[in-house]
Amino acid sequence: MDLANLHIAPPCPDPLQRAPRAFDSGGARDRLMLAPPALQGALVALVSRDIAHLRLDDAQRLSHFPASPMVTLSWYHGVDAGLVDARGWHAFGARVVISGSQSHPTVSWAPTNGRGHMACFAPDVAQQLFGLDLAAIQDRFLPAHEVLGAGWTSFFDALLGAADDDAIMAVLSEFLGARWRLAQGRDSDRPSLRQFGRHWVEKLAWQAHEWRRTTGARQVERRVKSFSGRSLRQWQALTRTEGLFFAARERFESGRAFDWATLAQDEGFADQAHMSRAVKQITGFAPTEFTQRFIEDESFWIYRLWV
C-alpha cells in the first residue's frame, strides 16, 4: 500500500471548543456588502472573510452558522473548507459550493487560513436564477459544478479570479443581472437585512393563501414544502427567532436593561422556555451561552457581522 498517496483528514477541533476573538490592525477581515443596483431584490448580501494574514489556531478557524432560509453560493481561496458534524470534519471537495436552506445550525472548519466568500439569495430568487430544485439541496452542501452543470463554469472561474469584493460584485452583476431582469415581473424593492427573512416568509404565506383558493389545505402544505423546502410554520419560527437576535443586540448596544422573559414576550414567543428552545434549534446553544459566545468567540464572526 502506498501510504504517501493516502489522503488523511487533518485533526479537527471539537466544534464546541472555545477560542478568543482575534484582533488585528490590518483592516476589516469580515465584510458584508449589500446588493448593487443590478441585483437589488435578488442578492441579499455578499459576505467576505479574509484571515490569510492572521495567525489563528485550529479552534479560531471554526465558524458557527445559524439555521437559515437562504441559499448560498460559497467559494474559497487557499482554504480546504468543510463541515464538522458528529462524525468529524468532511471537506467540501470543491472550491465553489452551493447550499440550500438549513434546518439546523452548522459548523465549518478549515485546516489553513485563507479567504472565503458567500453570496446569499432568497430561495425563490435562487430557484429563478439558477434553476434549482430547492428540496434537493436543502440541508446539504454540494459542489456547485455538480448541481448547476458545465454551463456555469465561466461564472465560477470569474468569481475565483476576482481580486476583491468590488470585482466580485461586478462579476455577480455581469453574470446574474440580465437573468434577474428577465426573471422579474414583481416588486423589486429589497428589504433590509433585518426585514429580509420576514419579508420573504410573508410573501410565501400570501402565496399559500392564494393557493387555498383552488387547493385543499393538505395539498397547500405539500405545495409550500415542494416550493420552498419546508413548511410555512417552520419558516415562521425561523424568522421570529431571527427577529429576537436583532432585538437583543439593539438593547445590549443601547445599554438598556432586559431580561429573557420580557424579551421572549416582546418578540412573540409563548414563554421563555419556548424562546430558549427556538434559540437552541437555530444556533445550537441556549440564549445565555449564545450571548457569551457572540461577544467573545472568534467562531461566531458571522453572527456579529450579520445581526
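Coordinates for the structure precede this section.
This structure is a prediction, so every number in the text was calculated from the model and none was measured.

### Things to note about the pattern of salt bridges
One pass over the full model with this rule turns up 12 salt bridges. A salt bridge links Arg31 to Asp165, with the shortest nitrogen-to-oxygen separation between them at 3.0 Å. Within this pair, whereas Arg31 is found in strand β1 (residues 30-33), its partner Asp165 is found in helix α5 (residues 165-183), the two being separated by 134 residues in sequence. According to the relative accessible area criterion, Asp165 is buried, its value standing at 7%. In this structure, Arg251 engages Asp266 in a salt bridge whose closest nitrogen and oxygen atoms are separated by 2.7 Å. You can see Arg251 sitting in helix α8 (residues 232-254) and its partner Asp266 sitting in helix α9 (residues 260-266), a full 15 residues away along the chain. Using a relative accessible area of 43% as the deciding quantity, one classes Asp266 as partly exposed. Overlapping salt bridges bring together Arg18, Glu289, Arg293, Glu296 and Asp297 as one network.

### Some remarks on the sheet that holds β1
What the six strands build is an open sheet, ordered β1-β2-β9-β4-β7-β10; its pairing is antiparallel. Looking at which strands have only one partner, the edges of the open sheet turn out to be β1 and β10 (141-143). Within the sheet, the average angular offset between the axes of one strand and its neighbour, ignoring direction, is 20°. Across seven bridges, strand β4 (residues 71-77) lies against strand β9 (residues 115-121) in antiparallel orientation. Looking at the pairing, Ser74 lines up with Met118 of β9. Against the sheet, helix α1 (residues 123-130) makes contact with β4 and β9, and its axis sits at roughly 100° relative to β9, the strand it touches most.

The rules we used
- The written sequence of each chain sets the order in which its residues are numbered from 1.
- Restriction of local features to residues with pLDDT of at least 70 applies here, the model being predicted, together with a cutoff of 80 or more for giving and counting side-chain atom pairs; totals for whole chains, interfaces and linings are based on all residues.
- With hydrogens and water set aside, each side-chain value is computed from the structure's full complement of heavy atoms.
- Salt bridges are defined as contacts in which a side-chain nitrogen from Lys or Arg sits within 4 Å of a carboxyl oxygen from Asp or Glu.
- Helix and strand assignments come from DSSP, with helices taken as H or I runs of at least 4 residues and strands as E runs of at least 2, each series counted from the N terminus.
- The cut-offs for exposure are 20% and 50% of the maximum accessible area for each residue type, with area from a 1.4 Å probe on protein chains only; residues under the lower value are buried, those over the upper are exposed, and the others partly exposed.
- Here a strand pair is declared whenever DSSP counts at least two bridges between the two strands.
- Angles here are taken between N-to-C directions and fall from 0 to 180 degrees, while the axes themselves are lines fitted to C-alpha atoms, restricted in helices to the stretch in contact.
- We call two residues in contact when some of their heavy atoms are within 4.5 Å.

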